[in-house]
Amino acid sequence: MRLSAMGDVAMTVPVLRAFVKQYPEVKLTVISRPFFKPFFEGIPNLDFFAFDEKERHKGFLGLVRLYTDVKKLRIDAFADLHNVLRSKIVSLLFALSGKKRATVDKGREGKKELTRAENKIFKQLPTMFERHAKVFEELGFHLDLSNPTFPEKAVLSAEILEIIGNQNQKLIGIAPFAQYDSKVYPIDLMKEVIAKLAENPAYKILLFGGGKKEIEILDSISKPFENVINVAGKIKFQQELQLISNLDIMLSMDSGNAHIAAMLGVKVITLWGATHPYAGFLPFNQSLENALVSDRNQYPKLPTSVYGNKIVEGYENAMRSILPKEIIDNIQSLV
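Just so you know, these numbers come straight off a predicted model, no measurement behind them. (Residues numbered from 1 in each chain as written. Predicted model: local features only at pLDDT ≥ 70, side-chain atom pairs only at ≥ 80, totals over all residues. Heavy atoms only, no water.)

S.K.: Just to check I follow, could you spell out the environment of Phe36 for this structure?
M.R.: You can see Phe36 is positioned in the loop between strand 1 (28–32) and helix 2 (37–40). When the C-alpha atoms of Phe36 and Phe237 are compared, they prove to be 9.4 Å apart, with 201 residues separating the residues in sequence. (Helix = DSSP H or I, 4+ residues; strand = E, 2+ residues; numbered from the N terminus.)

Spelled out as structure tokens, the structure:
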């Protein structure tokens, strides 16, 4: 399997957990960037093969080398869960050698109909989890995703505990950023949400992010509050996963953090701006009621984008139609 962005990779994890549980006699090998290896640790009958995009597996000849390297593992079938040029080439090489292969259908036509401004067809599309399961079905493995299993909460290291302090409080994670601005809840409103939650001494709010600019913003948000802690830039990625697994709830944009929390069995509240859960990216095993979307009466062209990368004039403030009180009420009802 060839995977890319963090959210894409995280969305495969619950499906693979279901697979190994339902087909314990089958061995899986995941091909992805080394950075994502921690996602798959602890899953039985699953090996991780590191894709070296900068040297050994770079370019077309590198993909041929990748195919040769993976073929040595005596692969019987190839599931392409990414459907991009690189994964298609490797998949084709396996097909030419007589192996079964199946590729995920990303449903591009349906997504166009959902996001276009005119003649919009506003309906729920198959989730990515359903699409991934269909790939395995084409290879002869029917998957039931209705009774998922999740890993145990990780034991937190002394290093993490030193940063977050005692664990007597409810842990609320907040990941306020996303790849595109159209998916980011306005910072002034997010500050309102955090300030209100921080009034409750039973809550500890942990802020997640990455990159210098985000860390600076999160530091400034957390500074006035004793029970608000910015963990961005203070712990390694694997430690971040361990900490997320211990959260009582995660508040996230439509972003990778939502999918990471969901794959670890954490309750997730998501906020949606230019995008919408109907495109199939609602985090795994989460309720639509906990996906708070911008007001379509005020902004009838929503969703305007599948990934949030399109700017539509006049829609810059769409997320302001999600009120802080609505977010706070949702968090309190779940915690």
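S.K.: I keep staring at the pattern of salt bridges and nothing clicks. Help me out?
M.R.: Opposite charge on two side chains permits pairing when their charged atoms draw close. A full pass over the atoms with the stated rule returns eight salt bridges. Across the pair Arg86 and Glu53 runs a salt bridge, and its minimum N-O distance is 3.7 Å. Note that Arg86 is positioned in helix 4 (residues 85–96) and Glu53 in the loop between strand 2 (46–50) and helix 3 (59–71), a separation of 33 residues in sequence. Across the salt bridge formed by Arg56 and Asp69, the nearest N and O atoms sit 2.8 Å from each other. Highlighted residues: Arg56 in the loop between strand 2 and helix 3 and Asp69 in helix 3, separated in sequence by 13 residues. Here the residues in one salt-bridge network are Arg33, Glu53 and Arg86, joined through shared partners. (Salt bridge = Lys/Arg side-chain N within 4 Å of Asp/Glu carboxyl O.)

S.K.: What am I meant to see in helix 10 (residues 237–244) here?
M.R.: An α-helical turn contains 3.6 residues, so a residue and the one three or four places further along point in the same direction. Of all the eight residues making up helix 10, six are buried; the element is thus mostly covered by neighbouring parts of the structure. Buried residues belonging to helix 10 abut helix 1 (6–22), helix 2, helix 7 (158–164), strand 6 (203–207), strand 8 (249–253) and helix 11 (256–263). (Buried < 20%, exposed > 50% of the residue type's maximum accessible area, 1.4 Å probe, protein only. Contact = heavy atoms within 4.5 Å.)

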